[in-house]
Amino acid sequence: MANLKHSYEFVLVLSVKVGEKTEELFSKFKSLIEENAELKDMNDWGKKKLAYMINKEPEGRYVLFQFESDSNFPKELERISNITEGVLRFIIVKKSA
């Protein structure tokens, strides 16, 4: 089976300390997903209080992306999320069929 597609959820918590750059980060990840996967749904939860301080920040901007892709793209998405300044936390979950 070549190029079997799976459904994923990607929750991203962005720093609100970076100001306008938060919108740039949001656009960067949205474009990245659209270029490499099929974006099914996107839900911007906005600014929320964090359960605990991360990098001395009490709030973050939460965004949920739902997409379908082959199994290689989430690994690349994780790599990019780890090295992108302004990303406080993220999680990628493979949804069951």
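Above this text sits the structure in question.
Residues numbered from 1 in each chain as written. Predicted model: local features only at pLDDT ≥ 70, side-chain atom pairs only at ≥ 80, totals over all residues. Heavy atoms only, no water.

## Some remarks on the packing of aromatic side chains
Here comes step 1: Going through the model one piece at a time under the given rule, you end up with 7 aromatic pairs.
Here comes step 2: Centroid distance F10 to F29: 5.9 Å. Interplanar angle 50 degrees. Geometry classified as tilted. With a gap of 19 residues between them, F10 in strand β1 (residues 6-15) and F29 in helix α1 (residues 21-36) connect regions that are remote in the sequence. An identical accessibility class is assigned to F10 and F29; each is buried.
Here comes step 3: With 6.2 Å between their ring centres and 25 degrees between their planes, F26 and F65 make a pair best called stacked. Taken as a pair, F26 in helix α1 and F65 in strand β3 (residues 57-69) lie far apart in primary sequence, 39 residues in all. (Phe/Tyr/Trp six-rings, centres within 6.5 Å; stacked < 30°, edge-to-face > 60°. Helix = DSSP H or I, 4+ residues; strand = E, 2+ residues; numbered from the N terminus. Buried < 20%, exposed > 50% of the residue type's maximum accessible area, 1.4 Å probe, protein only.)

## Here's the deal with the nonpolar core
General note: in soluble globular proteins, nonpolar side chains tend to be found buried as a group.
Here comes step 1: Counting 17 residues, the largest nonpolar core has F10, F29, I33, F65, F67 and L77 as its most contacted members.
Here comes step 2: Every element with two or more residues in this core is listed here: β1, α1, β3 and α2 (73-83).
Here comes step 3: In terms of residue count, α1 provides more of this core than any other element does, 5 residues in total.
Here comes step 4: Leave out the neighbours within four places in its chain, and F10 touches F29, I33, V63, L64, F65, F67, L77, S81, F90, I91 and I92.
Here comes step 5: Within the second largest apolar cluster, 7 residues are counted, among which are V13, L50, Y62 and L88. (Core = buried A, V, L, I, M, F, W, Y, C linked by side-chain atoms within 4.5 Å. Contact = heavy atoms within 4.5 Å.)

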